[in-house]
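Take a look at the letters that make up each chain.
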Amino acid sequence: MEAQQENEKTSPAAMPERPAQSANSDASATATAAATSAVPDEREQQQQPPPPPSQAQPQEQSQEQSQEQPQEQPQEQPQEQPQEQPQPPQEEQQQPQPQPQPQSQPSTIPQQPGQDSMLPLPGHHHQHHMDPNGMGMGLAMGQLDSNGFMMPNQGMDFSALPHGANGMAFPDPSLMMMAGQQMGIPPLPPQPTNGTSNGITADEIALYDRQIRLWGMKAQQKIQSANVLLINMKALASEIAKNLILAGIGSLTIVDAEAVTEADLGAGFSISQAQLGLNRAQAAAENLRKLNPRVSVYADPDSIMSKGASYFAAFDIVIATDINPMTLAFINTATRLYNRQFYAAASHGLYGYIFSDLIEHDFVLQRDKSNVDTKVGEETRTRSVVDVKVKQEGDKKIEVVTKRELYSTWDLAAETSLLPVDYRSSKRRLKAVTPALSCFRALWRFQSDNNRNPGPNRADLESFTKNATANHQMLSLPNETLNSEFLRSFLQNIGSEIAPVTAILGGQLAQDVINVLGASQPPIQNMVIFDGNRMQADMYPLHPEPTGGVRLGRAQLDIGGNMGGMGDMGAMAIPNADFSALPQFPDPAI
C-alpha cells in the first residue's frame, strides 16, 4: 500500500504537465543547481519536473548523480544542440501546459570561492597576477591608480560582483591595503606634491564623512595631498602620528635613528615589547600602518643631522619632537630656506610646549556680513586682513575674509622675545601667565649649553634656577608666581612622559596641522605652554620687539645668515637681571 501511494504521488497524472526534457538537459540543470547551492531546498526539489516515463530512474540514483555531477563536470562545457524531444501521447498534448522559463546556459561554470578569492567579471578573462607584496591580484577588476588603489575599468558590469553587508561591491575600504606597501622594508622617500590632489573617491567620502562635514571637501583634499615629516618617535610623536593618520593625510615619514628601549614602552602605544632592540622609526611605522591603510607611512632609520637642508623640501610640514634646541634651530633654518612650515614640541611629565613657525600663513574665514565693513589692513602686529569679498547665498550675504599670520624663528621665540604689549600693560594678565614659560626657557638654555637635561646635583640646579629667574624677570612676570615649589615640581618632571599629557599635546598639535592644511581656521601663534598643575594650555605670541629692526614673516629670511643657525644660539646672552630675590634652591636629592 505504501509503495502504491508513493507511485500515485509521483505519477505524471497527479502533477501539472511540463515539457519533457532529454537526459543531457537534466544533467546540465542538475549540475548548475549543485554548483550554486550545495544543499538544495526541499521546495526546489518538489518543484523540479518529473522525468519522462521512458527515462525514469530510481530516486536514490538521481540524488547520487546530483551530488557527484559537479565534481565530474569539466571547467569548460561546450554548448550542445538540444536533442529532439519525444512526442508525448495525443491526449497529453490536448491538456494546457505551462510555458517553460528560458534558462541561459553559461559557457563556463562559476568557480567556487576557495580556490581563488578573485571573481572574474562578466565578459573579461580572469588573469591572476602577483602584486609587489606577493599577494594575488585580479587584473580583471581594473587597474592600479597612482595612489596604489584598484580602480575599475570603464564599462564594467558590477552586477555580478558579490555585495557585502555594507551594500558595496567591494570589501570594506578600511580592510584594503595599499598595493606596493611592504611591511618591514623601508620604501623610497615620498615625492613632493606641494598641494596637488587626485580627488576623493566615493569610498573615501564615506570613510571621512564626519570630518568632511566639519571642514569641507576642499580642506579634505588638501589634507590627503600633504606629505608630513615627523622627527624622533617617542610618546608625543605617537599621538601626533595617530591623529594625522586617522585624518587621512597623504603620507607620513618618520625619522629616528634610536633603537627601542624599555623606556619607550611606558606612555607610547605605537611600540610593543616584542620590538625591543629594533629601530624605533621602523617599529612604530609597522604598527601605525594598521590605523589607516590609505596613508603611506615611511620609516627612515638615519639621524636627522645626517640630512642636508634640501631633504626638507620634499615635505609640506615638518614636525620635530623631544629634540635638543640646537637641532631645532638647524631644522627651522632649513625649513625657512625651502619655505616649509615647521612645528616643534616636547613633553616633560606634567608640562609641555608647542612651537610653530608657519612663516606667512593665509587662512579664509566665512561669516555673515555685519553692518560694519571689514577693512583691509593690520589687525595686530602678527595678523592682517589681506582680502575681503562678499557673496550672496539666498537671502544672506556672506563675507569671505582672507587673513595672514606672520611668524618668527625658533631662535628668536625661545630666547629673546618678550610677551606682547597687551600682556605687559596688564598686571592681571601677567599674573595669569604660567611660570612654566620661564622654566622652559631655562631648560632650553641648559640643553643648548650642555647637550643634556639638568641632573640631580647642586651645580645643575643652581644654573637652571638662575636662568629661570632671569627669564621670569625679562618677561616682566611677578616674582611670586615662580616659587621654589614650582621649580621643584618642574625639575622633577623633566625627561618623563605621562600618557594623558602627551595625548593632549599631540591632539592639539595635530589639530593645528589639519587647520593649517585646510586653511579655514586661525592657527597657533606661536607658542603654547601646557601646565598640568592648572590643566591649561595657553598660547603666547613671542616675537622680537619692532624697535630692534627685526621684521616678522618671510622678511626674516633676509637676516637668515645672521640668525646663526645652531652656532650662535649658545652665544646669546640673557640680559642682566637682579638675582638677589632668588628663591632657595631645590633639594639636590631630586
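Residues numbered from 1 in each chain as written. Predicted model: local features only at pLDDT ≥ 70, side-chain atom pairs only at ≥ 80, totals over all residues. Heavy atoms only, no water.

## Things to note about empty space enclosed by the protein
- One pass over the structure, following the stated rule, counts one cavity of 30 Å³ or more.
- By volume, the largest cavity is sized at about 40 Å³.
- Along its surface, the largest cavity is lined by M233, K234, A235, D264, G268, I271 and E497.
- Here the residues of the lining of the largest cavity are counted per class, giving three nonpolar, one polar and three charged. (1 Å grid on protein atoms, 1.4 Å probe; cavity = no way out; pocket = protein on both sides within 12 Å on 5 of 7 lines; lining within 4 Å. Points joined across faces, edges and corners; volume = space filled by probe spheres on them. Nonpolar A, V, L, I, M, F, W, Y, C, P; charged D, E, K, R; others polar.)

## Here's the deal with unusual backbone geometry
- Cis geometry is found at the peptide bond from Q525 to N526, where omega equals -25 degrees.
- As for its placement among the helices and strands, N526 is situated in the loop between helix 18 (499–518) and strand 15 (527–531).
- Located in the positive-phi region is I359, a residue other than glycine, with phi close to 60 degrees.
- Checked against the element boundaries, I359 lands in the loop between strand 10 (351–357) and strand 11 (360–368).
- Take I359: its relative accessible area is 1%, and that puts it in the buried class.
- One non-glycine residue with positive phi stands out, namely M535, at about 55 degrees.
- Here M535 shows up in the loop between strand 15 and strand 16 (536–540). (Helix = DSSP H or I, 4+ residues; strand = E, 2+ residues; numbered from the N terminus. Buried < 20%, exposed > 50% of the residue type's maximum accessible area, 1.4 Å probe, protein only.)

## Digging into the pairing of strand 7 (residues 296–300)
- Counting buried residues along strand 7, five of its five residues qualify, which places the element largely inside the surrounding structure.
- Where burial is concerned, the two faces of strand 7 agree: the one with S296, Y298 and D300 and the one with V297 and A299 are both buried.
- For strand 6 (residues 251–255) and strand 7, the ladder comprises five bridges, and the chain directions are parallel. Bridging across to strand 7, S251 finds its partner in S296. (Pairing = 2+ DSSP bridges.)

## Brief notes about the pattern of salt bridges
- Applying the stated criterion across every chain yields a total of 22 salt bridges.
- For the salt bridge of D264 with R280, the shortest nitrogen-to-oxygen distance reads 3.2 Å. Remark: R280 occurs in helix 10 (residues 280–288) and D264 occurs in the loop between strand 6 and helix 10; sequence separation between them is 16 residues. Both residues of the pair, D264 and R280, belong to the buried class.
- The closest approach of N and O atoms between D362 and R404, which form a salt bridge, is 2.7 Å. Of this pair, D362 sits in strand 11 while R404 sits in strand 14 (residues 396–406), placing them 42 residues apart in sequence.
- According to the relative accessible area criterion, D362 is partly exposed, its value standing at 30%.
- For R404, a relative accessible area of 28% translates into the label partly exposed.
- When salt bridges that share partners are traced, they join D256, D264 and R280 into one network. (Salt bridge = Lys/Arg side-chain N within 4 Å of Asp/Glu carboxyl O.)

## A short note on the packing of aromatic side chains
- Going through the model one piece at a time under the given rule, you end up with 14 aromatic pairs.
- Plain terms: the ring middles of F440 and F490 are 5.1 Å apart, the flat faces sit at 90 degrees to each other, and that makes the pair edge-to-face. Here F490 lies in helix 17 (residues 484–493) and F440 lies in helix 15 (residues 436–450), a separation of 50 residues in the sequence.
- Above the face of the Y423 ring, R429 is positioned so that its terminal group lies 4.0 Å from the ring centre. (Phe/Tyr/Trp six-rings, centres within 6.5 Å; stacked < 30°, edge-to-face > 60°. Lys NZ or Arg CZ within 6 Å of the ring centre and 35° of its normal.)

## Describing the environment of Q392
- Tracing the sequence through the fold places Q392 in strand 13 (residues 383–393).
- On the basis of relative accessible area, Q392 is assigned to the partly exposed category, the value being 49%.
- Within the structure, Q392 has its side chain in polar contact with the backbone oxygen of G394 (distance 3.1 Å).
- A polar atom in the side chain of Q392 sits 3.3 Å from the backbone oxygen of K396. (Polar contact = N/O pair within 3.5 Å; in protein donor to acceptor, adjacent residues only side chain to side chain.)

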